[in-house]
Amino acid sequence: MKKIIISTIAVSALLCTVTSCKTDFDTDVKDIQASKGNADFSRYVALGNSLTSGYRDGALYIDGQNESYPSMIAQQMKLVGGGEFKQPLMADNNGGLLLAVSPTATLQIANTKLFVNGFIDGAPDLKMANNNVATTVVNTVLTGPFNNLGVPGAKVAHLLAPGYGNVQGVATKTANPYFVRFATTPTTSVIDDFTKQNPTFFSLWIGNNDALLYALAGADSSVETLTPPAQFKQYYDMLISKIEATKAKGVIANIPSVTTVPALTTIPTNPLTSAVLGKGNVAAGEAIIDDLNKNLYGPLNQILTNFGAGDRIKPLSKSGGNPLLIKDESITDLKAQITGAALASGNPTLVALATYLGNTYGQARQAKTGDLVPLTTKADIGSTEPGVPAALSARGVAYPFADKYILVPSEINEINSAIDAYNVAIKAAATAKGYAFVDANSKLKELSGNSGISWDGVRYTAKFVSGGAFSLDGVHLTGRGYGIIANEFINAINATYKSSLPQVNPNQYSGITLP
């Protein structure tokens with residue numbers, strides 16, 4: 001597929017100091033007289049999902065946990081009487097999880113972290129650390145209590161669910177292996193472990209997974225579900241009610257749009273060049289294009305044109321990037337028309353394939369601007385669709401990518417409409433209860449803009465790898481990205497509770513490590 005061209009020189013330039021840039025934050029970390037205002041930071045407990053835990057590079061590991069945004073905030077709180085901030089640290093810096101299935105056997109249920117092994121034609125070559133061998137055993141329960149209750153994979157309802165930390169439910173996916181490691185009892189819930197600590201201050205950033213997991217699955221409801229807004233509000237209000245009962249003051253954040261994360265904005269819709277199709281051999285790729293145009297794209301374009309849908313599939317070009325072939329369930333199914341036209345064509349090949357062509361390409365089209373290709377789809381471009389003739393089996397090339405591989409505009413609108421509704425519920429809860437509020441959605445949109453965000457001369461954007469803010473999974477932040485978020489929480493806390501917690505310096509934390 002089309003490579004993401006990133007030179008090490010370009011990356012260094014983006015991450016080095018550029019004296020003409022300014023800091024895009026209201027206050028700096030220097031020369032601030034810290035005060036707690038009318039808040040009590042002595043027992044700060046953070047609630048959330050992977051973003052709260054410090055998850056990054058596709059895994060949870062010690063360095064990421066130590067650079068979680070709640071840990072950064074807690075360090076600033078210590079300046080004004082904040083207590084210790086204990087986290088359920090993983091066993092190593094590689095990440096990944098093992099589940100003990102017998103006294104002598106374990107099953108690996110989560111991969112280790114990603115790292116940049118090198119560059120191939122300017123694109124990062126990503127590998128898994130430690131040859132994807134994990135050492136953290138889920139069944140080894142840690143002794144708490146823990147101040148960071150961020151649980152990777154959790155949705156809003158999960159924080160309320162009794163037994164979410166019961167190891168017996170991991171195999172059936174009724175429990176979360178990360179929470180199993182530090183749940184106080186097998187029957188407890190995340191929110192119950194929160195209230196048991198009698199916190200004086202809290203942060204809450206939850207709800208991303210209610211939409212994002214569905215988006216990363218291409219809005220395929222057989223793989224993941226989108227939480228209905230009414231249900232989201234019901235669970236969120238229940239969560240806030242339990243938090244309110246502790247009398248703790250706190251800060252809550254809303255949910256970013258799915259269109260702001262590199263995991264959904266990095267892969268182009270038109271990666272199929274002659275070089276890509278020929279796996280580096282341009283001449284071979286051109287021959288493939290000629291064959292596809294003669295035997296598939298050309299005939300389909302002619303048939304579809306007769307039914308006013310010729311723009312769905314057009315012949316491929318040898319001189320530039322060609323779009324992926326996808327299935328779009330939102331367009332009219334022309335199965336019968338394609339089958340009938342193929343049967344009437346008189347072409348023996350088309351006649352023999354008539355039923356297959358109708359069934360396969362009735363809702364097929366080439367990807368276009370407005371579609372989003374998940375980062376995880378990259379590995380499947382050109383992979384073989386089982387049970388399909390070899391000449392027609394290359395996914396995204398001759399065989400349309402299924403729903404789970406692509407987000408089309410109608411699905412993007414569905415997801416972002418749900419997120420907008422979620423964010424209304426979150427803002428309403430903050431206003432009603434007097435909690436500080438972080439507009440994370442706006443901040444990450446700013447980060448994804450052309451100018452990005454700068455701190456002390458270093459510019460951060462939402463570009464994959466080179467932007468410095470997002471980790472190698474394209475969803476979670478780097479230490480520097482979490483520093484940007486920590487400052488948004490600190491700003492909101494200071495504004496609401498008349499405190500003067502100094503901001504952190506994002507530049508002092510880790511970014512993408514290059515070989």
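Since the model is a prediction, treat every value here as computed from it, not as a measurement.

Topic: the packing of helix 7 (residues 208-216) against helix 14 (residues 409-433)
Between helix 7 and helix 14, the shortest axis-to-axis distance is 10 Å and the interhelical angle comes to 170°. What the angle tells us is that helix 7 and helix 14 run roughly antiparallel. On helix 14, the residues touching Asp210, Ala211, Tyr214 and Ala215 of helix 7 are Glu414, Ile415, Ile419 and Tyr422. Of the residues contributing to the contact of helix 7 with helix 14, the split by class is 6 nonpolar, no polar and 2 charged.

Observations concerning the pairing of strand 3 (residues 105-110)
As judged from the 5 bridges shared by strand 2 (residues 97-102) and strand 3, these two strands associate in the antiparallel manner. When the sheet's bridge partners are listed, leucine 98 is paired in strand 3 with glutamine 108. Count of turn residues in the strand 2/strand 3 antiparallel hairpin: 2 residues.

Remarks on the pattern of salt bridges
Inspection of the entire model under this criterion finds 13 salt bridges. Its salt-bridge partner being glutamate 67, residue arginine 56 comes within 2.8 Å of it at the nearest N-O pair. Of the two residues, arginine 56 sits in the loop between helix 2 (50-53) and helix 3 (62-66) while glutamate 67 sits in the loop between helix 3 and helix 4 (69-77), which places them 11 residues apart along the sequence. By relative accessible area, which is 6% here, arginine 56 ends up buried. One salt bridge connects lysine 443 with glutamate 488, and the closest N-O pair in it is separated by 3.4 Å. In this pair, lysine 443 is assigned in helix 15 (residues 440-447) and glutamate 488 in helix 16 (residues 479-497), connecting sequence segments 45 residues apart. In this structure, lysine 443 and glutamate 488 share a single accessibility class: buried. When salt bridges that share partners are traced, they join Asp328, Arg365 and Asp371 into one network.

Quick look at the packing of aromatic side chains
Going through the model one piece at a time under the given rule, you end up with 16 aromatic pairs. Between tyrosine 69 and phenylalanine 489, the aromatic rings sit 4.7 Å apart at their centres with planes inclined by 25°, giving stacked as the arrangement. Within this pair, whereas tyrosine 69 is found in helix 4, its partner phenylalanine 489 is found in helix 16, the two being separated by 420 residues in sequence. The two residues tyrosine 69 and phenylalanine 489 agree in class, both being buried. These aromatic residues form a ring-pair network of at least three members: Phe41, Tyr44, Phe85, Phe201 and Tyr497. Above the face of the phenylalanine 437 ring, lysine 427 is positioned so that its terminal group lies 5.2 Å from the ring centre.

Considering the confidence of the model for the chain
Atom-level detail of predicted coordinates should not be read off regions where pLDDT is low. In the predicted model, the chain carries a mean pLDDT of 93, and 94% of its residues have values of at least 70. Note that pLDDT drops below 50 for residues 1-22; the model gives that stretch 48 contacts with residues more than four away or on any other chain.

Thoughts on the pairing of strand 4 (residues 114-120)
Judged from the 6 bridges that link them, strand 4 and strand 5 (residues 123-128) form a sheet pairing that is antiparallel. What sits directly across from valine 116, in strand 5, is leucine 126. Taken together, strand 4 and the strand that follows it, strand 5, pair antiparallel across an intervening segment of 2 residues, in which aspartate 121 is found at a positive phi of about 55°.

Structural notes on empty space enclosed by the protein
For the structure on display, the rule yields 3 cavities of 30 Å³ or more. The volume enclosed by the largest cavity comes to roughly 70 Å³. For the largest cavity, the full set of lining residues is Ser53, Leu60, Gln65, Gln87, Pro88, Asn148, Gly150, Pro152, Tyr178, Arg181 and Phe182. Partitioning the lining of the largest cavity into residue classes produces 5 nonpolar, 5 polar and 1 charged.

Rules of the game
- Residues numbered from 1 in each chain as written.
- Predicted model: local features only at pLDDT ≥ 70, side-chain atom pairs only at ≥ 80, totals over all residues.
- Heavy atoms only, no water.
- Axes fitted to C-alpha atoms, helices over the stretch in contact; angles between N-to-C directions.
- Helix = DSSP H or I, 4+ residues; strand = E, 2+ residues; numbered from the N terminus.
- Parallel < 35°, antiparallel > 145°, perpendicular 65-115°, else oblique.
- Contact = heavy atoms within 4.5 Å.
- Nonpolar A, V, L, I, M, F, W, Y, C, P; charged D, E, K, R; others polar.
- Pairing = 2+ DSSP bridges.
- Salt bridge = Lys/Arg side-chain N within 4 Å of Asp/Glu carboxyl O.
- Buried < 20%, exposed > 50% of the residue type's maximum accessible area, 1.4 Å probe, protein only.
- Phe/Tyr/Trp six-rings, centres within 6.5 Å; stacked < 30°, edge-to-face > 60°.
- Lys NZ or Arg CZ within 6 Å of the ring centre and 35° of its normal.
- pLDDT = per-residue confidence, 0-100.
- 1 Å grid on protein atoms, 1.4 Å probe; cavity = no way out; pocket = protein on both sides within 12 Å on 5 of 7 lines; lining within 4 Å.
- Points joined across faces, edges and corners; volume = space filled by probe spheres on them.

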